[in-house]
Amino acid sequence: MMISRRGTLRLAALATAAALVPKTSFAAAPAPAVVRIGVLKFGTVSWALDTLKHHRFDTANDIDLEVLDFAGEDATNVALLAGAIDMIVSDWLWVSRQRSEGVDLTLVPYSTAVGAIMVKEAAPIRSITDLAGKKIGVAGGPLDKSWLLIQALARRDHGLDLPATSDVVFGAPPLISEKAMQGELDAVLNFWHFCARLEANGFRRLIGADAAAQALGASGAVSALGYVFHDKWANEHPDAIRGFIKASAQSKDLLARSDDEWLRLAPVVRAQGEELAKLRDRFREGIPRRPVAEDAADAGKLYRVLAEIGGEKLVGRAPEMAPGTFWQVPPQ
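Residues numbered from 1 in each chain as written. Predicted model: local features only at pLDDT ≥ 70, side-chain atom pairs only at ≥ 80, totals over all residues. Heavy atoms only, no water.

## Brief notes about the side chain of Gln-98
The test is simple: Put simply, DSSP H or I for four residues or longer makes a helix, DSSP E for two residues or longer makes a strand, and each gets a number counted from the N terminus. Between two residues, a contact is recorded if the distance between any of their heavy atoms is within 4.5 Å.
Positionally, Gln-98 belongs in helix H5 (residues 92-100). Each residue touching Gln-98, except ones within four places of it in the same chain, is listed here: Leu-81, Val-103 and Leu-105.

## Examining the nonpolar core
One recurring pattern in soluble globular proteins: nonpolar side chains tend to sit buried together. Formally: In plain words, nonpolar cores are sets of buried Ala, Val, Leu, Ile, Met, Phe, Trp, Tyr and Cys residues tied together by side-chain atoms within 4.5 Å. To sort residues, take the accessible area from a 1.4 Å probe on protein chains only and compare it with the maximum for the residue type: under 20% means buried, over 50% means exposed, and anything in between is partly exposed.
One finds Trp-92, Ile-117, Leu-131, Val-228 and Tyr-303 to be the most contacted residues of the largest nonpolar core, which totals 49 residues. Ranked by the residues each element gives to this core, the list is headed by helix H6 (residues 145-158), at seven residues. Sequence-distant contacts of Trp-92, that is, excluding residues within four places in its chain, are made with Leu-107, Val-222, Ser-223, Ala-224, Ala-299, Leu-302, Tyr-303, Leu-306, Met-321, Thr-325 and Phe-326. Core analysis: the next-biggest nonpolar cluster, separate from the first, contains 38 residues, Leu-49, Ala-240, Val-269 and Trp-327 among them.

## Section: helix H12 (residues 238-257)
Because each turn of an α-helix spans 3.6 residues, side chains separated by three or four positions end up pointing in the same direction. The condition that has to hold: The span expected for a helix works out to 1.5 Å for each residue beyond the first.
In this model H12 runs 29 Å from its N-terminal to its C-terminal C-alpha over 20 residues, within 8% of the 28 Å that 1.5 Å per residue would give. Turning to H12, its buried residues are Ala-240, Ile-241, Arg-242, Gly-243, Phe-244, Ala-247, Ser-248, Ser-251, Lys-252, Leu-254 and Leu-255.

## Observations regarding the sheet that holds strand S3 (residues 88-91)
Quick reminder of the rule: Strand pairing requires that DSSP identify at least two bridges connecting the strands. Axis definition: a line fitted to C-alpha atoms, over the contacting stretch in the case of helices. Angles run 0 to 180 degrees between N-to-C directions.
Pairing is antiparallel across the open sheet formed by three strands, whose spatial order is S3-S10-S4. The open sheet is flanked by S3 and strand S4 (105-111), the only strands paired with a single partner. This sheet shows a mean twist of 45° between the axes of neighbouring strands, independent of strand direction. Sheet topology places S4 next to strand S10 (residues 225-230); six bridges connect them, and they run antiparallel. Each bridged residue has a counterpart across the sheet, and for Leu-105 the counterpart in S10 is His-230.

## A short note on the environment of Thr-51
Which entries qualify depends on this criterion: The term polar contact refers here to a pair of N or O atoms within 3.5 Å; inside protein, the definition further demands a hydrogen-donor-capable atom paired with an acceptor-capable atom, and it admits residues adjacent in sequence only when both atoms are side-chain atoms.
Topologically, Thr-51 is positioned in helix H2 (residues 45-54). The exposure class of Thr-51 is buried, given its relative accessible area of 0%. In the structure, Thr-51 is positioned 204 residues away from Leu-255 in sequence and 8.0 Å away in space, judged by C-alpha atoms. Side-chain polar atoms of Thr-51 contact the side chain of Glu-261, separated by 3.1 Å.

## Examining the layout of surface pockets
Convention followed: Computed over the protein atoms alone on a 1 Å grid, cavities are sets of points where a 1.4 Å probe fits but cannot get out and pockets are open sets with protein on both sides within 12 Å along at least five of seven lines; a residue lines them when it has an atom within 4 Å of a point. Grid points are joined across faces, edges and corners, and a volume is the space filled by probe spheres set on the points. Under the scheme applied here, ten amino acids are nonpolar (Ala, Val, Leu, Ile, Met, Phe, Trp, Tyr, Cys and Pro), four are charged (Asp, Glu, Lys and Arg), and all others, including Gly, are polar.
Considering only enclosed or pocket space, the second largest pocket measures out at about 380 Å³ in volume. Residue lining of the second largest pocket: 17 residues in total, with Pro-109, Ile-245, Ala-249, Lys-252 and Pro-288 positioned closest to the centre. Elements with a minimum of two residues in the lining of the second largest pocket: S4 and H12. Residue contributions to the lining of the second largest pocket peak at seven residues, all from H12. Considered class by class, the residues forming the lining of the second largest pocket number twelve nonpolar, one polar and four charged.

## Quick notes on unusual backbone geometry
For Arg-56, which is not a glycine, the phi torsion comes out positive at approximately 55°. Turning to its location among the elements, Arg-56 is positioned in the loop between H2 and helix H3 (57-60). Notably, Arg-270 is not glycine yet its phi reads approximately 60°, a positive angle. With respect to the helices and strands, Arg-270 occurs in the loop between helix H13 (259-269) and helix H14 (273-285).

## Things to note about the sheet that holds strand S8 (residues 187-190)
Across the sheet, which stays open at both edges, the five strands sit in the order S7-S6-S8-S5-S9 with mixed pairing between neighbours. Two strands bound the open sheet, and with one partner strand each, they are strand S7 (167-171) and strand S9 (203-208). On average, each strand axis in the sheet is inclined to that of its neighbour by 25°, with strand direction left out of account. Where strand S5 (residues 116-120) meets S8, three bridges bridge the pair, whose relative direction is antiparallel. Residue pairing for S8: Ala-116 is matched across the bridge by Asn-190. Helix-sheet contacts for helix H8 (residues 173-181) involve S5, strand S6 (135-139), S7, S8 and S9, and the interaxial angle to S8 is about 155°.

## Comments concerning the pattern of salt bridges
A side chain with one charge can pair with a side chain of the opposite charge if their charged atoms come near. Put simply, the test is: Take a side-chain nitrogen of Lys or Arg and a carboxyl oxygen of Asp or Glu: if they are within 4 Å of each other, that pair is a salt bridge.
Counting across every chain of the model gives 27 salt bridges. We note a salt bridge from Arg-99 to Asp-231, for which the minimum N-O separation is 2.9 Å. In this pair, Arg-99 sits in helix H5 while Asp-231 sits in helix H11 (residues 231-236), placing the two residues 132 residues apart along the sequence. A relative accessible area of 17% means that Asp-231 is categorised as buried. Measuring nitrogen to oxygen at the nearest pair gives 3.7 Å for the salt bridge that ties Glu-312 to Arg-317. What makes Arg-317 exposed here is its relative accessible area of 77%. A cluster of three or more residues bridged by salt bridges with shared partners is formed by Asp-259, Arg-280, Asp-281 and Arg-284.

This is the structure we're talking about:
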């Protein structure tokens with residue numbers, strides 16, 4: 001193809017103009033902040049985190065959530081304290097004890113769901129006083145918060161010392177539920193999700209630890225568990241913690257309103273039918289709805305009750321819940 005002299009001059013002019021245009025450098029977008037959370041492999045926290053990751057709520061909030069599975073609670077605690085991970089889920093009593101001993105842990109509420117005393121639907125047990133002389137299975141050990149709260153209520157309102165008047169046996173949650181199903185125990189106090197499964201299989205709630213807590217002075221549902229992290233980490237990564245809190249809220253909002261999401265989660269939850277519906281409903285009831293300050297105030301009241309009955313083995317030497325146990329989101 002022949003190019004005319006005029007065309008050649010035009011191309012030369014365009015090339016000269018292009019050379020004079022300043023080159024703009026485009027910086028790469030910053031990588032999302034990585035947040036490493038340690039969870040129990042088959043724990044209920046995994047349900048919410050599965051929803052969060054599946055719907056990419058972490059990406060939408062400029063974080064990259066890495067979920068690391070652990071075999072037990074002690075392992076997650078050690079990993080957090082050692083700095084191997086950024087966050088775990090634990091209870092405010094443990095966080096308060098760590099703070100009182102100089103460790104800068106704090107928490108954001110995760111769930112108000114707690115255990116309950118469960119009995120078979122046809123059982124003649126209708127109140128706490130009917131537990132006297134009965135065989136009670138308790139998951140979580142003698143210093144479990146739910147067990148202590150129910151003991152405290154029985155003593156205050158009925159003068160009943162449950163450990164002294166009942167045959168109390170402790171065991172792992174699955175074993176406690178199995179023994180209840182087999183009729184070897186008259187009543188059981190188990191973690192909330194085991195209670196929900198029992199509800200779907202012919203059991204009823206006698207009294208929940210949440211009802212005991214409110215009877216003992218709490219003004220509303222108190223978060224039993226929270227996302228736990230170091231103050232120092234949150235201060236150094238403000239965008240990461242804010243992004244995580246927003247992503248967590250979005251996943252819980254979806255779980256609160258979408259039954260289809262629970263059907264998607266059924267293989268993770270390992271339940272279906274009535275059992276899945278009970279777990280869904282109890283999970284939804286446990287989504288925190290109150291301002292953090294109200295949660296913290298009520299936890300402080302319950303701390304004093306628990307310290308009185310559980311003693312130094314439970315809370316250490318601190319007579320009050322440590323300030324800062326519940327993390328307040330700083331203004332942007």
